[in-house]
Amino acid sequence: MKTLITYASKHGAARKCAQMLKEKIAGDNEVIDLKNVKNIDLSQYDNVVIGGSIYVGAIQKQVTEFCSQNIEILKKKKIGLFISCMNENEAEKQLNQVFPQELLEAACVKKSCGGEFNFKSMNFMEKMIIKMISKAEAKNNPKAKPINIRENVSKLILANINEIAQAMQV
């Protein structure tokens, strides 16, 4: 069984998830960044995992284009879908909004893998928006602490990454 793991990432969390899946899925695997590769011969793969990060409520256009251009071929394969998303409360809703309904129905596994804030890769405005949001959340929730934008934050959900890998091997 040959598995293709495709992704697109804004700040690296989806790339990290894709690499982790490559290590965990047994067999012949290949990881492709959809931002760098446009035409993929899907005939050589039995399984396909598709993922991307959620940024301002949307997934990267490369993921959307890959899904729409290959939907008929993808529906005939074993499919796994994932998103990288820091907003745990909205993750399932966002997962179901960013992928085509036909793929959601065909997928054997769909998961949010959590996310990361990699502040070194962000511009000034992105950092300030995250800082403001985290301060507002801390004000409304005494248990929450504002995020220090000098320290990266990782909230990857390893259990979900393991579930995807396991589902793709069965």
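Preceding this paragraph is the structure being described.
Quick caveat: nothing in here was measured; it's all calculated off a predicted structure.

A. Highlighting a nonpolar patch on the surface. Residues Phe-124, Met-125, Ile-129, Met-132 and Ile-133 make up a contiguous nonpolar surface patch of about 560 Å² in total accessible area. Summarising the element assignment, Phe-124 is placed in helix α5 (residues 124–140). A relative accessible area of 59% places Phe-124 in the exposed class.

B. The arrangement of the packing of aromatic side chains in detail. Going through the model one piece at a time under the given rule, you end up with 1 aromatic pair. Residues Phe-117 and Phe-119 carry aromatic rings whose centres are separated by 5.8 Å and whose planes lie at 40° to one another, so their mutual orientation is tilted. Judged by relative accessible area, which is 3%, Phe-119 ranks as buried. Lying over the aromatic face of Tyr-55, Lys-10 brings its terminal NZ or CZ to 4.6 Å of the ring centre.

C. Up close: unusual backbone geometry. Although it is not a glycine, Val-56 adopts a positive phi angle of roughly 55°. Mapped onto the elements of the fold, Val-56 is located in the loop between β3 (47–53) and α2 (61–74).

D. Seen up close, the nonpolar core. Ile-50 and Phe-99 are the most contacted members of the largest nonpolar core, which has 27 residues in total. Counting residues per element, the ones that place at least two in this core are β1 (2–8), β3, α2, β4 (78–84), α3 (91–98) and α4 (101–106). In terms of residues, this core owes the most to one element, α2, which gives 5 residues. Core analysis: the next-biggest nonpolar cluster, separate from the first, contains 17 residues, Met-20, Leu-21, Phe-82 and Ala-165 among them.

E. The sheet that holds β3, seen in detail. Read across the open sheet, the 5 strands follow the order β2-β1-β3-β4-β5; overall the sheet is parallel. The two strands at the open ends of the sheet, each matched to only one other strand, are β2 (28–33) and β5 (109–112). Neighbour-to-neighbour, the strand axes of the sheet open up by a mean angle of 15°, direction not taken into account. Here β3 pairs with β4 via 7 bridges, running parallel. Residue pairing for β4: Gly-52 is matched across the bridge by Ile-83. Strands in contact with helix α1 (residues 13–24) are β1, β2, β3 and β4; relative to β1, the strand with the most contacts, it is inclined by about 170°. Each of β3, β4 and β5 touches helix α6 (residues 158–169); the most contacted strand, β5, lies at about 165° to it.

Rules used throughout
- Along every chain, residues carry numbers that run from 1 in the direction the sequence is written.
- Local features in this predicted model are restricted to residues whose pLDDT is 70 or higher, and side-chain atom pairs enter the listing and the counts only when it is 80 or higher, whereas totals over whole chains, interfaces and linings include all residues.
- Processing note: side-chain calculations cover all non-hydrogen atoms of the structure and skip hydrogens and water entirely.
- Patch building starts from residues that exceed 30% relative accessible area and form no salt bridge, then joins like charges within 9 Å and nonpolar side chains (Val, Leu, Ile, Met, Phe, Trp, Tyr) within 5 Å.
- Computed by Shrake-Rupley with a 1.4 Å probe, the accessible areas treat only the displayed protein chains as cover when residues are assessed.
- Throughout this description, the term salt bridge denotes a Lys or Arg side-chain nitrogen within 4 Å of a carboxyl oxygen of Asp or Glu.
- Here a strand is any run of E in DSSP of at least two residues, a helix any run of H or I of at least four, and the numbering for each starts at the N terminus.
- Relative accessibility thresholds used throughout: buried, under 20% of the residue-type maximum; exposed, over 50%; partly exposed, between the two (1.4 Å probe, protein chains only).
- Geometry of aromatic contacts follows a simple scheme: Phe, Tyr and Trp rings, the Trp one being its six-membered ring, pair when their centres are within 6.5 Å, and the pair is stacked under 30 degrees between planes, edge-to-face over 60, tilted otherwise.
- Each ring is checked for a lysine NZ or an arginine CZ that lies within 6 Å of its centre and within 35 degrees of its normal; such an atom marks a charge sitting over the ring.
- Within this scheme, the nonpolar core is defined by two criteria: the residues are buried Ala, Val, Leu, Ile, Met, Phe, Trp, Tyr or Cys, and they are joined through side-chain atoms within 4.5 Å.
- DSSP bridges decide pairing: two strands pair if at least two such bridges lie between them.
- Fitted lines through C-alpha atoms give the axes, limited to the stretch in contact for helices. The angle between two N-to-C directions lies from 0 to 180 degrees.
- Contact definition: two residues touch when any of their heavy atoms are within 4.5 Å.

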